[in-house]
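Survey of secondary and tertiary structure
Residues per chain, in single letters:
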Amino acid sequence: MRLGRPARAAIIGLALTLGAAACSTGGSPTASAPPSASAGGLEKTKIKVATLPAIDSAALYVAIDQKLFEKEGLEVTPQVVQAAPEAIPMLVKGEIDAMFGNYVSMFQAHDKQALKLRILAEGSRAAPDSLSIMALPNSPIKTAKDLEGKTINVNVLHNFQELALTQVLKANNVDPSKIKYVQVTFQNIMPSWKGGQIDAAYLGEPMVTAATSSMGARKILDPASGPAAEFPISGYVGTQEWYDKSPKTAAAFQRAIHNAAKLMENNREVVAKVLPNFTQIEASTAATVTFPYFSSSDNPVRLQRVADWMLEAKWLSKAIDVKSLMSPTTSG
């Protein structure tokens, strides 16, 4: 079945975080008034932040649109990259002040000493129905157990998709070692799926909505359920060196991101408004897709889960104490 224009735009706009889904975290629906910039004495008032053309990074654009950075005395310039690893050398060289990316890639870089990481603010967490393992209407796959021996796509091998799904598979009495993962670019997921190169598709919004409405695809398993509920996906990070030189600027940035998330909790219109500005998701699609949870405060306990699962999977050479990498919470 042919995808309509909104569905095609949705697939392109998914870009590189694969994931996303509904918009809440619990807390006040309106942004709190931050202290004045003059009182803060910021070390830098203009910063560049590398970001991705994906729903998960919406808080940055809402903060710009709603002038939350401006209230903090900050001028933030987004610099769009196509994948988080592209931005790591830029961060290390000081070409950007901060970046948005998935935690698995960031923790791997920190583990390999490619950078000394400082987490500035949490970004997005997977929400129910934001991610989905899906089968075509005529597929013999009916239950999670049927996934054993099958091939599933991921956008990057050994990244957050695989990490979260492994825990959910085990909770559903499925042997993760019997799943074969293949790396498939986003634009090739649908052709590979229809052509039989993959047996089930690992999709995130807005592709979940597109596949359901345009192809009649069936949901088999939610990778953001059970042990992976509210799985932390992405956040805003800098280097420890940059943070040490600009702690007040970092705190102002964090406040603006947190206040944007508070504003977004019960007001999906502010999210839908900005999505067409930095993704190829059309306004009509933005109005219907499931958003991720956007974090209005930072929680080292839930973020530690990512590092612990990575160590369990042998994706890290040693344990990471996530709390030691996090900035003090100055709002939320």
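Attention now moves to the overall build of the chain. Along the backbone of the chain there are 14 helices and 11 strands. Burial statistics for the chain: of 332 residues in total, 58% are counted as buried. Counted over contacts in the chain with a minimum sequence separation of 6, partners at least 24 positions apart contribute 83%. Carbon together with sulfur atoms contributes 52% to the accessible area of the chain, which is approximately 13,100 Å² in total.

Turning our eyes to something else, we now look at the pattern of salt bridges. One pass over the structure, following the stated rule, counts 11 salt bridges. Measuring nitrogen to oxygen at the nearest pair gives 3.7 Å for the salt bridge that ties Lys318 to Asp111. You can see Lys318 sitting in the segment after helix H14 (300-312) and its partner Asp111 sitting in helix H6 (residues 103-111), a full 207 residues away along the chain. Residue class for Asp111 comes out buried when judged on its relative accessible area of 11%. Here Lys219 and Asp222 are joined by a salt bridge, their closest N and O atoms 3.5 Å apart. Each member of the salt-bridge network shares a partner with another, and the members are Asp129, Lys219 and Asp222.

With that settled, the discussion passes to the sheet that holds strand E8 (residues 201-204). Pairing in this open sheet of three strands is antiparallel, and the strands run E8-E5-E9 from one edge to the other. Whereas interior strands pair on both sides, the edge strands pair on one side only; in this sheet they are E8 and strand E9 (218-221). The sheet shows a mean angle of 50° between the axes of neighbouring strands, direction not considered. Bridge count between strand E5 (residues 131-135) and E8: four bridges; the pairing is antiparallel. Note that in E8 the partner of Ser132 across the bridge is Leu203. Taken strand by strand, helix H8 (residues 186-195) contacts E5 and E8, and its axis lies near 150° from that of E8.

Calculation criteria
- Residues numbered from 1 in each chain as written.
- Predicted model: local features only at pLDDT ≥ 70, side-chain atom pairs only at ≥ 80, totals over all residues.
- Heavy atoms only, no water.
- Helix = DSSP H or I, 4+ residues; strand = E, 2+ residues; numbered from the N terminus.
- Buried < 20%, exposed > 50% of the residue type's maximum accessible area, 1.4 Å probe, protein only.
- Contact = heavy atoms within 4.5 Å.
- Areas by Shrake-Rupley, 256 points an atom, 1.4 Å probe, with all protein chains shown as cover.
- Salt bridge = Lys/Arg side-chain N within 4 Å of Asp/Glu carboxyl O.
- Pairing = 2+ DSSP bridges.
- Axes fitted to C-alpha atoms, helices over the stretch in contact; angles between N-to-C directions.

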